[in-house]
Amino acid sequence: MTKVEASVQHYLSEFSSLEPHLPGRNLPWVREARERALEAFTRIGFPTPREEDWKYTRVTPIEKRSFRTAVGENVVVAPDDLDRHRVPGLDAHRLAFVDGRYCAPLSSVQTPRGVTVTSLAAALTETPDALEPHLGRYASITASGFSALNTAFLGEGAFVHIDADARIDEPVLLLFISTGRTDEVCAQPRALIIAERGSQATVIEQYVCVGETSYFNNAITEVALGPNSGLEHYKLQEESGKAFHISTLQVYQGRDSRFTSHSVSLGGALVRNDINSVLDAEGAECELNGLYLATGRQHVDFHTRIDHRKPHGTSREFYKGVLAGRSRGVFNGRVYVHPHAQKTDAEQVNNNLLLSRDAEIDTKPQLEIFADDVKCSHGATVGQLDEDMVFYLRSRGITESAARGLLTYGFASDVIQRMSLAAVRAKLEEQLIAWLPNPEQVKEIVT
């Protein structure tokens, strides 16, 4: 048996032992979805560099480890352990998950009428009819072995439903905590967010760790937006330097819907974020913003795809990366304009800053246009700090390390300023400054 076959067989064995305990196993449509996903995973396995979308990201470190799903009672996480990850001043409805499993003691939800925020396991038991039209309908199980694997283990995660014309003023926080209690724990969180016609909401996904062991999060979030609905989505990934994080955000947009994504990657040994939106009706708007900071030997990969399927769609992408040490970044952004998607307006930008000779970025913005009446543009830049600017700041009494930190701050903070939640902006500003060289002097200058 080859190493690849052994890694697939490991998860097949995991599924066999866990399947009797998975939520929703009595629902025929859930069983069918899991069976299809398991067959797809067995057939395609893990992605390899021979596949174009995984050309620069090798997942061998995940394959060669025997990650196991956490079972038994939830580990107790003291509130003090989460202090450094809290967002001061953020008033939110919170669902908490520990090592992939719902944790009621750390959760706090009091939603208004017309809004449902609950664990996916509970929804599969109590309101499965609300899930069936959507769960597993948007994220393809053939996109990669990771997508198939998540769907095979479907059951734990979050369900957010906003009724037609309802509005939830406080954001919904989905807090995923890895305890690092033992090495090689695996979680397969799933989130389903449905915004009906005319509804408005903000959802934050936050991935944190209270330990420093090696673990694996394989997450999928599906979003369905009805006509004239709006959703602002935040993804804050602040994990252990030994963590492996693979995720897919799959969005389906109705007529005149508005979707905004802010994705920030600050931790992890190997991180891959797939962010895809399908604009399947006229007048849909999509905005994707992202920031990735990497150092050491971190590897961070962002793949985005925006499908303009109908006329009068608008999309904007703005991603920035800062890479230090021997880290490596990957950005692949694809905008696909279908033949009947006339009057599409799409812009895509990826800017990268390399802080060391050994840092590396592979960037590939793409436009595939099959309509003739469109306005589309894309571009990418890779560069270093301007030495003339460093010299200018030093001539004003700023140390060289602080000067470099200040210029890096100015480059990266642009993405943070696009976020509408002031509490999240302030938290990320602090994290950005702490990541820079000579943070004390940088903070003194910018605050």
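Here is what the cut-offs are and how they apply
- Residues numbered from 1 in each chain as written.
- Predicted model: local features only at pLDDT ≥ 70, side-chain atom pairs only at ≥ 80, totals over all residues.
- Heavy atoms only, no water.
- Helix = DSSP H or I, 4+ residues; strand = E, 2+ residues; numbered from the N terminus.
- Rg over C-alpha atoms; globule rule 2.2 N^0.38 Å.
- Contact = heavy atoms within 4.5 Å.
- Areas by Shrake-Rupley, 256 points an atom, 1.4 Å probe, with all protein chains shown as cover.
- Lys, Arg positive; Asp, Glu negative; His and termini not counted.
- Charge placed at Lys NZ, Arg CZ, Asp CG, Glu CD.
- Buried < 20%, exposed > 50% of the residue type's maximum accessible area, 1.4 Å probe, protein only.
- Salt bridge = Lys/Arg side-chain N within 4 Å of Asp/Glu carboxyl O.
- Pairing = 2+ DSSP bridges.
- Axes fitted to C-alpha atoms, helices over the stretch in contact; angles between N-to-C directions.

(A) Focus on the overall build of the protein chain. Scanning the protein chain from N- to C-terminus turns up 10 helices and 21 strands. Here the protein chain has a C-alpha radius of gyration of 21 Å; the compact-globule value for 447 residues is 22 Å, and the two agree. If you line up the protein chain on its principal axes, its C-alpha atoms span 70 × 55 × 50 Å. Here the analysis covers contacts within the protein chain between residues at least 6 apart in sequence; of these, 84% occur between residues at least 24 apart. Of the roughly 18,700 Å² that the protein chain leaves accessible, carbon and sulfur atoms contribute 48%. If you average the places of the 47 positive and of the 59 negative side-chain charges in the protein chain, the two averages end up 3 Å apart.

(B) How the structure looks around the environment of Asn 352. Inspection of the secondary structure assignment puts Asn 352 in strand S19 (residues 345-354). Residue Asn 352 is classed as buried on the basis of its relative accessible area of 3%. The spacing of Asn 352 and Ala 412 is 60 residues in sequence and 9.3 Å in space, taken between C-alpha atoms. With residues up to four places along the chain from it excluded, the contact list for Asn 352 reads Tyr 292, Gly 321, Ile 361, Thr 363, Thr 381, Val 382, Gly 383 and Phe 411.

(C) Representation of the pattern of salt bridges. For the structure shown, the criterion picks out 24 salt bridges. Where Arg 86 meets Asp 83, a salt bridge forms, and the shortest distance between an N and an O atom there is 3.1 Å. Ionic pairing is found between Arg 255 and Asp 256, a salt bridge with its closest N-O pair at 3.8 Å. Given a relative accessible area of 45%, Arg 255 falls into the partly exposed group. A network of salt bridges, in which partner residues are shared, links Glu 387, Arg 394, Glu 400 and Arg 404.

(D) View of the sheet that holds strand S13 (residues 258-265). Taken together, 10 strands build an open sheet; the order of strands is S3-S2-S6-S9-S11-S13-S15-S17-S19-S21 and the sheet is mixed. Looking along the sheet, the strands with just one partner apiece sit at the ends: strand S3 (101-102) and strand S21 (375-383). Pairing of strand S2 (residues 93-98) with strand S6 (residues 172-178) involves 6 bridges; the strand directions are parallel. Bridging across to S6, His 93 finds its partner in Val 172. Docked against the sheet, helix H9 (residues 422-435) engages strand S9 (200-209), strand S11 (230-238), S13, strand S15 (285-294) and strand S17 (314-323), running at close to 30 degrees with respect to S11.

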